[in-house]
Each structure stands twice: as structure tokens, then as C-alpha cells.
Amino acid sequence: ERRASHRIALKTTCTSRRRNKTMRMAGLPIFYGQAIKPKQELLVDLEYDEIVHLTQFALGEGAKDGERVMVLVEKDEDTPLVLGTLTRGVCDQFKTDLMVGGGDLIRFSHTGKKCAVHVMGFKQEDIFDSDDEDGDD
């Protein structure tokens, strides 16, 4: 189940003229966070001009002390890969530097039986947009 996210951010545009091109960059990144419940998956399906930078995975309530929970990632219909392992009381969270871009279909899941895994990072729209301009520099 995919929940709609609410956005509270100001969008600014920075333009720069170089070689008859204008490059626009998005302004402020906005917080992105989801919880993956047991026996469910998180589907990250973005618009073409969106990107999500995932920076942390953390165990939620319900994990037993010493319980190992593997966090799995799957691109398109490929074989799931282990992204990391969370162990209650030993490694309750881990950092990542994982970028998911528009056009990629990524699924996250985990092996926890009674706990959720929380995914955090930030989302940004209109990363780069270059347009040709007619005219002189």
C-alpha cells in the first residue's frame, strides 16, 4: 500500500547561463520517510524528474533483543539483494548513500516477523533541466 506524502517546502530555482544553455536546479530537498511493515514491501516508483536519496534504515518497535533482520532491495524483477542487516541491541540502524532516480522501480522488504523497518532520506524534484536557447552569450 502506498501512502500519499504531504509536501511542505519552498521551491526555488537557480539559473546560470553557459554556452547558450540555461540550467535549472531544484531548490530545497524534502524529507522522505516510510515504514516497511512485516511481510510487506515498499515500492519506490518515482516520476521521471524525481530522485530519492536514502540515508538511513532503522529497526522499529517489535524486534526482540538479538533478532537479526535483513533489509532486502530488488530492482525491477531481479533477484533481491541484501542491503544490510539490523540486529536489535547491536545494530539498530545503518546509514546508506543510496540514490533512486525516476524511471527506476525499486522494492524494499525485510525478514522481520513482528517489527517494522523505517527508511529515511530526502526527495528532490526537477534535479536538472537544460534547455537550448537561441541567442548570443
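Since the structure is predicted, the reported quantities are computational estimates derived from the model, not experimental observations. (Residues numbered from 1 in each chain as written. Predicted model: local features only at pLDDT ≥ 70, side-chain atom pairs only at ≥ 80, totals over all residues. Heavy atoms only, no water.)

Comments concerning the side chain of Glu50
As for its position among the elements, Glu50 is in strand E5 (residues 50–59). Residue classification places Glu50 among the buried positions, given a relative accessible area of 7%. Of note is the side chain of Glu50, whose polar atom sits 2.8 Å from the backbone nitrogen of Glu47. (Helix = DSSP H or I, 4+ residues; strand = E, 2+ residues; numbered from the N terminus. Buried < 20%, exposed > 50% of the residue type's maximum accessible area, 1.4 Å probe, protein only. Polar contact = N/O pair within 3.5 Å; in protein donor to acceptor, adjacent residues only side chain to side chain.)

Observations concerning the sheet that holds strand E3 (residues 30–36)
Strand order in the open sheet made by the 4 strands is E3-E10-E5-E8, with antiparallel pairing throughout. Of all strands in the sheet, those with a lone pairing partner are E3 and strand E8 (93–101), marking the two edges. Averaged over all neighbouring strand pairs, the angle between strand axes comes to 20°, with direction disregarded. (Pairing = 2+ DSSP bridges. Axes fitted to C-alpha atoms, helices over the stretch in contact; angles between N-to-C directions.)

Considering the confidence of the model for the chain
Scored by pLDDT, the chain has a mean of 78; 72% of the residues are at 70 or more. Within the chain, no element has a lower average pLDDT than strand E1 (residues 14–18), which sits at 37, and none a higher one than strand E7 (residues 81–87), at 96. Below pLDDT 50 for its whole length, residues 1–24 participates in 47 contacts with residues either more than four positions away or in separate chains. Across residues 132–137 the pLDDT falls below 50, and counting only partners more than four positions away or on other chains, this stretch makes 11 contacts in the model. (pLDDT = per-residue confidence, 0-100. Contact = heavy atoms within 4.5 Å.)

What to know about the packing of aromatic side chains
Tallied over the entire structure, the rule returns 2 aromatic pairs. Here the aromatic rings of Phe57 and Phe94 are separated by 5.3 Å at their centres, their planes lie at 15°, and the arrangement is stacked. Remark: Phe94 occurs in strand E8 and Phe57 occurs in strand E5; sequence separation between them is 37 residues. Neither residue differs from the other here; Phe57 and Phe94 are each classed as buried. Ring centres 5.6 Å apart and planes at 50° place the aromatic pair Phe57 and Phe108 in the tilted group. With a gap of 51 residues between them, Phe57 in strand E5 and Phe108 in strand E9 (residues 105–110) connect regions that are remote in the sequence. (Phe/Tyr/Trp six-rings, centres within 6.5 Å; stacked < 30°, edge-to-face > 60°.)

Quick notes on the side chain of Gln34
Within the fold, Gln34 resides in strand E3. Exposure remark for Gln34: the relative accessible area of 18% places this residue in the buried category. Discounting residues that sit within four places of it in the chain, Gln34 has contacts with Leu42, Val117, His118 and Val119.

As for the pattern of salt bridges
Going through the model one piece at a time under the given rule, you end up with 4 salt bridges. Residue Glu41 is joined to Arg107 by a salt bridge in which the shortest nitrogen-to-oxygen separation is 3.0 Å. In this pair, Glu41 sits in the loop between E3 and strand E4 (42–45) while Arg107 sits in strand E9, placing the two residues 66 residues apart along the sequence. By relative accessible area, which is 43% here, Glu41 ends up partly exposed. Two residues, Arg107 and Glu77, come together in a salt bridge whose shortest N-O distance is 3.6 Å. (Salt bridge = Lys/Arg side-chain N within 4 Å of Asp/Glu carboxyl O.)

A look at the pairing of E5
The buried fraction of E5 is high, at 8 of 10 residues. Strand direction decides the pairing type here: E5 and strand E10 (residues 117–125), joined by 9 bridges, are antiparallel. Its bridge partner lying in E10, Gln56 is registered against Met120. Bridging between E5 and E8 involves 7 bridges; their strand directions are antiparallel. Bridge pairing in E8 places Leu54 opposite Leu98.

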